[in-house]
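Single-letter residue listing:
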Amino acid sequence: MSGDGAKILHSLRFMGNNAAHEVKGHTAEELTIALGVVEYLLHGVYVMPKKAAKLPQKPPQAQQPAKPQPKPQQPKKPGQPPAALPLAAKAPLALPAASAAQTTTKPIKQS
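Since the model is a prediction, treat every value here as computed from it, not as a measurement.

Caption draft 1: Fine view of the confidence of the model for the chain. Residues of the chain with pLDDT of at least 70 account for 64%, and the chain-wide mean is 77. Ranking the helices and strands of the chain by mean pLDDT puts helix α2 (residues 28-52) first, with 93, and helix α3 (residues 100-103) last, with 52.

Okay, structure coming up:
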């Protein structure tokens, strides 16, 4: 239920509480609107789901191409190196830290 719907139902509750506990009357227009809201609510809760149940539940599925099956893993033999990892799974290369002598810059000669 939307926030606006909740506010409307709270208004109806307040109308009912005022009528029952404070003996406050309501105009014919207020009561007509309130009954319309309740009728709409009941229609949405009970009538529409039964009608909607008669509609197709899923669209017909198009023929999907068969997915390729993954290759079975070969059992690892003792002394055999581990299988290569996919490129995305490999750790990034670590570059050696540059020394201060390597990072000095030469001034640009201006002509």
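Following the structure, the description resumes.
Caption draft 2: Just helix α1 (residues 3-21), in detail. The first and last C-alpha atoms of α1 sit 26 Å apart over 19 residues, in line with the 27 Å expected at 1.5 Å per residue. G5, L12 and M15 are the residues of α1 that are buried. On an axial view of α1, the arc spanned by its buried residues comes to 80°, and they lie on one face. Away from its buried face by more than 90 degrees, α1 exposes K7 and H21. Looking one or two residues beyond α1, the residue adopting positive phi is V23, at roughly 50°.

What counts and what doesn't
- Residues numbered from 1 in each chain as written.
- Predicted model: local features only at pLDDT ≥ 70, side-chain atom pairs only at ≥ 80, totals over all residues.
- Heavy atoms only, no water.
- pLDDT = per-residue confidence, 0-100.
- Helix = DSSP H or I, 4+ residues; strand = E, 2+ residues; numbered from the N terminus.
- Expected span 1.5 Å × (residues − 1).
- Buried < 20%, exposed > 50% of the residue type's maximum accessible area, 1.4 Å probe, protein only.
- Arc of directions from axis to C-beta.

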